[in-house]
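Summary of structural features
Each chain, written out:
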Amino acid sequence: MTTNTTPQSEKNRVLIFDTTLRDGEQSPGATMTLNEKIEIASLLDEMGVDIIEAGFPIASDGDFEAVTEIAKAAPNTVICGLARASFGDIDRCWDAVKNAKRPRIHTFIGTSPLHREFQVQLDRDEMAQKIHDTVSYARNLCDNVQWSPMDATRTEDDYLARVCEIAIKAGATTINIPDTVGYTAPRESADIIRMLLERVPGMDEITIATHCHNDLGMATANALAAVEAGARQIECTINGLGERAGNTALEEVVMAMRVRQDIFPYHNSIDTTKIMQASRLVSTVSGFPVQFNKAIVGKNAFAHESGIHQDGMLKHAGTFEIMRPEDIGLAETSLVMGKHSGRAALRSKLENLGYSLGDNQLIDVFVRFKELADRKKEVFDDDLIALMTDSETNTANDHFQVKSLRVVCGTEGPQTADLSMKAGEETHSVSATGDGPVDAVFNAIKMVFPHEAKLALYQVHAVTGGTDAQATVTVRMEEEGKIVTGQSSDTDTVVASAKAYVNALNKLIVRRQKKAPAALT
Ligand code: KIV
Ligand code: ZN
């Protein structure tokens, strides 16, 4: 809120609106299961996110259920659902969020000339009427209503000011200004907010939000510029996940405000020490690896390779570090684990890495750790992260599970795979040949579960150095325009490949059950 009577500290508070579970999940291949969404929501709630956009309830029964369940898993957070400018969407959204302690309806319509003409085919007056009707309708159901003029940054100033005024008069409590196609630049992003504050009666009495996409790599800068001009809610996602080039990254705006308090004198309620944990969880669940040099959460963000940098770091960390690794939940990494490490050491190490395990989970992870330590002399932090990721991604409840695999490969073909695989209650044993060991394994899996899904990506990366390193394999598959991603790690690359493929198939069957409409926004 930015009313004149609000104390300074409240005036400078920036609400963090996380849309990982809605805009993030819309990015091709980032489909999440209900349990995965609940796990993310509960961590977002714990880390102090103000508003969670939990989904798009009209999109599918799965989305509807996710929004209702997330409301239970995130008791401290405002739970928001998305709805197009239609009474049916708004009713469905309200049904999904109404049992949350603090529900919000977020309704939107594309207001730019291109959207008016081609997407919704309404002229200016017809659209203005629709905005009035739908926002009033939402406000009659819920006292917390957010309205977004989609593609706001390509909407004419006069029209944008007019429709914002209509939405405020109809009862919107938050007006979000989306840069839907990642087209704006920092100065313009700020100018739009200033223009609205100057021209729209009541604009200073509601919360102004900024929602930026990263197509030109300016999402974080644009969001912060909007805040400097008066926005007090940033819409963002963990790791910047989202449509195309993604959304503003939560970790970037939060750390920028923290590290540069001198130029961004705003505050928010995020516990930054949970950032790494959230980053890893979202990367695992979405199957989108974090770019090594990604700001804040990339593997190299705190690594110092060059001699000059290492020398400086030894003398004073401030020479080359503007924030401390522990501020984002990255612990000092001195203790390397091995096969003689005990359960207590493993628990403490995992806690340092941001994983808190119940006793039963620790027993299971310890067994996997021992198996890994038997195969690898030294188990590094990245190995443990890969192991945790794997145990969270591939579980004993999965429909398909690899039971055993033997592969013959080498210069004398054909390469063959003997596979035993569980499908529901049944176990199948099959043999297949292929063009190389991975092809043979994938052919064997396809014998157990014949399907037409297309392999869109097969990617391998080594978790650490050395020939005994674990390989993390990512497999992306496409079926009828929908994409799923599977991941697994193992010291045997072919085994990791089989498990990653099976992980993708498990998600494919969940996706088939969801039957979501292909494109809603
Ligand atoms: O990018 C966008 O415009 C959106 C809206 C639905 C707010 O995600
Ligand atoms: Zn968006």
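Residues numbered from 1 in each chain as written. Chains lettered and ligands numbered in written order. Predicted model: local features only at pLDDT ≥ 70, side-chain atom pairs only at ≥ 80, totals over all residues. Heavy atoms only, no water.

1. Some thoughts on the site of ligand 1
Stated formally: Here a residue is considered near a molecule or strand provided that any single heavy atom belonging to it is located within 4 Å of it. Distance and chemistry together define a polar contact, namely a pair of N or O atoms within 3.5 Å, with one atom able to donate a hydrogen and the other to accept it when in protein, and with adjacent residues in sequence counting only for side-chain atoms on both sides. The method behind every accessible area is Shrake-Rupley, applied with a 1.4 Å probe, and residues are considered shielded solely by the protein chains displayed. The way it works is that DSSP assigns letters per residue, a run of H or I at least four long becomes a helix, a run of E at least two long becomes a strand, and they are numbered from the N terminus. Ten residues, namely Ala, Val, Leu, Ile, Met, Phe, Trp, Tyr, Cys and Pro, are considered nonpolar, four, namely Asp, Glu, Lys and Arg, are considered charged, and the remaining ones, Gly among them, are considered polar.
The full set of residues close to ligand 1 is Arg22, Asp23, His106, Phe108, Ser148, Met150, Asn176, Pro178, Thr180, His211 and His213. Between ligand 1 and histidine 211, the relevant distance is 3.1 Å, taken from an oxygen atom to a side-chain nitrogen or oxygen of the residue. Calculation on ligand 1 without its partners gives an accessible area of 260 Å², and the protein chains cover 97% of this total. Of all elements in the fold, only helix H2 (20–24), strand S4 (103–110), strand S5 (145–150) and strand S6 (174–179) reach the threshold of two or more residues within the shell around ligand 1. Class assignment of the residues belonging to the shell around ligand 1 gives a composition of 3 nonpolar, 6 polar and 2 charged.

2. A closer look at the pairing of strand S1 (residues 15–18)
Quick reminder of the rule: For two strands to count as paired, DSSP must find a minimum of two bridges between them.
Bridge analysis of S1 against strand S8 (residues 233–236) gives 4 bridges, and the strand direction is parallel. Considered in S8, the bridge of isoleucine 16 is made with isoleucine 234. Bridge count for S1 against strand S2 (residues 51–55) is 2 bridges, and the pairing is parallel. Counterpart to aspartate 18 in the pairing with S2 is isoleucine 52.

3. Description of the domain arrangement of the protein
Selection rule: For the domains described, the bounds stem from an automatic or database domain assignment. It only takes one pair of heavy atoms within 4.5 Å for two residues to be counted as in contact. Buried area counts how much accessible surface, traced with a 1.4 Å probe, disappears from two parts once they are put together, with both parts' losses summed. Whenever Lys or Arg places a side-chain nitrogen within 4 Å of a carboxyl oxygen from Asp or Glu, that contact is recorded as a salt bridge.
Domain boundaries assigned for the protein yield domain 1 (14–286), domain 2 (298–330), domain 3 (337–393) and domain 4 (400–514). Computed over C-alpha atoms, the centres of domain 3 and domain 4 are 24 Å apart. Counting from both sides, the interface comprises 11 residues of domain 3 and, opposite them, 12 residues of domain 4. At the boundary of domain 3 with domain 4, total buried surface from both sides reaches about 940 Å², with 46% on carbon and sulfur atoms. Contact with domain 4 buries area across many residues of domain 3, yet Arg375, Asp390 and Thr393 alone supply 44% of it, more than any other trio. Where domain 3 touches domain 4, the interface holds 1 salt bridge.

4. Looking at the coordination of the zinc ion (ligand 2)
Selection criterion: For Na, K and Ca the donor cut-off is 3.2 Å; for every other metal, N, O and S atoms count as donors within 2.8 Å. Water does not enter the count, which can leave sites looking incomplete. A simple rule labels every residue: compare its accessible area, found with a 1.4 Å probe on the protein chains alone, to the largest value its type can have, and call it buried under 20%, exposed over 50%, or partly exposed in between.
Of the protein atoms, only Asp23 (OD), His211 (NE2) and His213 (NE2) coordinate the zinc ion (ligand 2), at distances of 2.0 to 2.1 Å. For the zinc ion (ligand 2), the donor residues sit on a single chain with the sequence spacing D-x187-H-x1-H. The exposure class assigned to histidine 211 is buried, which follows from its relative accessible area of 5%.

5. Here's the deal with the side chain of lysine 294
In this structure, lysine 294 sits in the loop between helix H12 (275–286) and helix H13 (307–315). Reaching out from lysine 294, the side chain makes a polar contact with the side chain of glutamate 251 at a distance of 2.9 Å. Beyond its immediate chain neighbours, meaning those up to four positions away, lysine 294 contacts Asn239, Ala249, Glu251, Glu252 and Ala301.

6. Some points on the nonpolar core
The condition that has to hold: In this text, buried Ala, Val, Leu, Ile, Met, Phe, Trp, Tyr and Cys residues form a nonpolar core when linked through side-chain atoms within 4.5 Å.
One finds Ile52, Ile79, Trp147, Ile175 and Leu196 to be the most contacted residues of the largest nonpolar core, which totals 93 residues. In terms of residues, this core owes the most to one element, helix H8 (residues 157–169), which gives 8 residues. Looking at which domains feed residues into this core, each of domain 1 (14–286) and domain 2 (298–330) gives three or more. Isoleucine 79 has contacts with Ile52, Ala54, Val67, Ile70, Ala71, Ala74, Val97, Ala100, Arg102, Pro103 and Arg104, leaving out every residue within four places of it along the chain. Membership of the second largest hydrophobic core comes to 30 residues, among which are Met421, Ile445, Ala453 and Val494.

7. Overview of the environment of alanine 83
By the secondary structure assignment, alanine 83 is in strand S3 (residues 78–84). Overall, alanine 83 belongs to the buried group, its relative accessible area being 0%. Alanine 83 sits 289 residues away from leucine 372 along the chain, and the two C-alpha atoms are 47 Å apart. Other than its neighbours up to four places away in sequence, alanine 83 contacts Phe56, Asp89, Ile90, Cys93, His106, Thr107 and Phe108.

8. What to know about the packing of H8 against helix H9 (residues 186–199)
Test applied: Lines are fitted to the C-alpha atoms to define the axes, a helix being fitted only along its stretch in contact, and any angle between axes, read from their N-to-C directions, falls within 0 to 180 degrees. For this classification, under 35 degrees means roughly parallel, over 145 means roughly antiparallel, 65 to 115 means roughly perpendicular, and everything else is oblique. Left-handed describes a crossing whose near helix is turned anticlockwise from the far helix by less than a right angle; the clockwise case is right-handed.
Interhelical geometry of H8 versus H9 gives an angle of 55° and a closest axis separation of 10 Å. Classified by the interaxial angle, the pair formed by H8 and H9 is oblique. Once H8 is placed against H9, the crossing between them reads as right-handed. When H8 is examined against H9, the residues Asp157, Asp158, Leu160, Ala161 and Cys164 are found in contact with a partner set consisting of Ile192, Met195, Leu196 and Arg199. Among the residues making up the contact of H8 with H9, the classes are represented as 6 nonpolar, no polar and 3 charged.

9. Some points on the packing of aromatic side chains
What counts here: Aromatic pairs are defined between Phe, Tyr and Trp rings, using the six-membered ring for Trp, whenever the two ring centres lie within 6.5 Å; interplanar angles under 30 degrees are classed as stacked, those over 60 as edge-to-face, and all others as tilted. Criterion for a charge above a ring: Lys NZ or Arg CZ within 6 Å of the ring centre, and within 35 degrees of the ring normal.
Counted by the stated rule, this structure contains 6 aromatic pairs. Centre to centre, the rings of phenylalanine 366 and phenylalanine 369 are 6.1 Å apart; their planes meet at 35°, and the pair counts as tilted. Of the two residues, phenylalanine 366 and phenylalanine 369 are both situated in helix H15 (residues 359–375); the distance of 3 residues between them amounts to about one turn of the helix. Phenylalanine 366 sits in the buried class, given a relative accessible area of 14%. The exposure class of phenylalanine 369 is buried, given its relative accessible area of 0%. Feature note: the residues Phe442, Tyr458 and Tyr501 constitute an aromatic cluster, connected by ring pairs. Directly above the ring of phenylalanine 64 sits arginine 92, whose terminal nitrogen or CZ lies 3.8 Å from the centroid. In this arrangement the basic side chain of arginine 154 is found over the ring face of tyrosine 183, its NZ or CZ atom lying 6.0 Å from the centre.

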